[in-house]
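Next come the chains, spelled out residue by residue.
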Amino acid sequence: DNRRPEARCTIFAKTGELSPLKGGNGFVLRLKTGVIARINESMDTAQNINFENYELVLSPGGKERGTIRRKAKELPTKELFVTMKNMKPGDRNCIKYRLIFHKRVAFPVSCLVLGLIAAPLGMKVREDTRVPGLASGLAVFLIYYIMLTAGQNLSEVGVLPPVVGLWFPNLVFAVIASFFWIQIT
């Protein structure tokens, strides 16, 4: 509730209902049987307000009584991509947005790549030797995870571009998978 910006508000309610506004630009949060706890910014005054019914209008533009601010992780992929394209390349937020975008794409691809490695590893191991197959599978995953984490961390601090940091492990393991498939056939 941003009607008094100098006060911090916390709203507690027993029940609530969130419904879209007519026209589709925002939501109405209808709360029943609750309390609003307000504390001034200077922390010298506090106020509790009990209510039976309370309506709070939430709009993405912030023009109405409340606002909805989404974090970069919560943005839809298309909106994230557009926001990322409008930022300056060296900006710290741009790196953050690029990391989030490439995570959304590189992580699903990693499942495919690891699956492509698992199949030839499974074919190489004979039935009577399951332990080496399990150990090799865990080793492959551990090495992949270390590479991915290192790439992500190096991208976060700006040493590597997010594209390189998040896609390099996929590329390396795709090459290894193709080598294994060639050996099997």
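Criteria and thresholds
Residues numbered from 1 in each chain as written. Predicted model: local features only at pLDDT ≥ 70, side-chain atom pairs only at ≥ 80, totals over all residues. Heavy atoms only, no water. Salt bridge = Lys/Arg side-chain N within 4 Å of Asp/Glu carboxyl O. Helix = DSSP H or I, 4+ residues; strand = E, 2+ residues; numbered from the N terminus. Phe/Tyr/Trp six-rings, centres within 6.5 Å; stacked < 30°, edge-to-face > 60°. Buried < 20%, exposed > 50% of the residue type's maximum accessible area, 1.4 Å probe, protein only. Core = buried A, V, L, I, M, F, W, Y, C linked by side-chain atoms within 4.5 Å. Contact = heavy atoms within 4.5 Å. Axes fitted to C-alpha atoms, helices over the stretch in contact; angles between N-to-C directions. Left-handed = near helix turned anticlockwise from the far one by under 90°.

## A short note on the pattern of salt bridges
Side-chain pairs of opposite charge can arise whenever the charged atoms involved come near each other.
Line of reasoning, step 1. On inspection of all chains with the given rule, the structure shows 1 salt bridge.
Line of reasoning, step 2. A salt bridge links glutamate 55 to arginine 30, with the nearest nitrogen and oxygen atoms 3.2 Å apart. Separated by 25 residues along the polypeptide, glutamate 55 in strand S3 (residues 46-59) and arginine 30 in strand S2 (residues 27-40) bring together distant segments of the chain.

## What about the packing of aromatic side chains?
Line of reasoning, step 1. Scanning the model with the defined rule gives 5 aromatic pairs in all.
Line of reasoning, step 2. Aromatic pair phenylalanine 51 and tyrosine 54: ring centres 5.2 Å apart, planes at 40°, arrangement tilted. For the pair shown, phenylalanine 51 and tyrosine 54 are each scored as buried.
Line of reasoning, step 3. Measuring from ring centre to ring centre gives 6.3 Å for phenylalanine 141 and tyrosine 145, while their planes differ by 25°; the resulting arrangement is stacked. One end of the pair is phenylalanine 141 and the other is tyrosine 145, both in helix H3 (residues 130-156) and 4 residues apart, which spans about a single turn.
Line of reasoning, step 4. Residue phenylalanine 141 is classed as partly exposed on the basis of its relative accessible area, which comes to 46%.

## Some words on the nonpolar core
Line of reasoning, step 1. Counting residues in each nonpolar core, the largest one holds 13 residues, and the members touching the most others are Ile117, Leu121, Val140, Leu166 and Phe173.
Line of reasoning, step 2. Looking at this core, the elements that each hand over two or more residues are helix H2 (92-124), H3 and helix H4 (162-184).
Line of reasoning, step 3. Residue contributions to this core peak at 6 residues, all from H2.
Line of reasoning, step 4. When sequence neighbours within four positions are dropped, the list of residues in contact with phenylalanine 173 reads Val113, Ile117, Val140, Ile143, Tyr144 and Met147.

## Things to note about the packing of helix H1 (residues 77-85) against H2
Line of reasoning, step 1. Orientation of H1 relative to H2, taken along the N-to-C sense of each, is 145°, at an axis distance of 10 Å. As for how H1 packs across H2, the hand of that crossing is left-handed. Along the contact surface, H1 presents Thr77, Leu80, Phe81, Thr83 and Met84, while H2 presents Cys94, Tyr97, Arg98, Ile100, Phe101 and Arg104.

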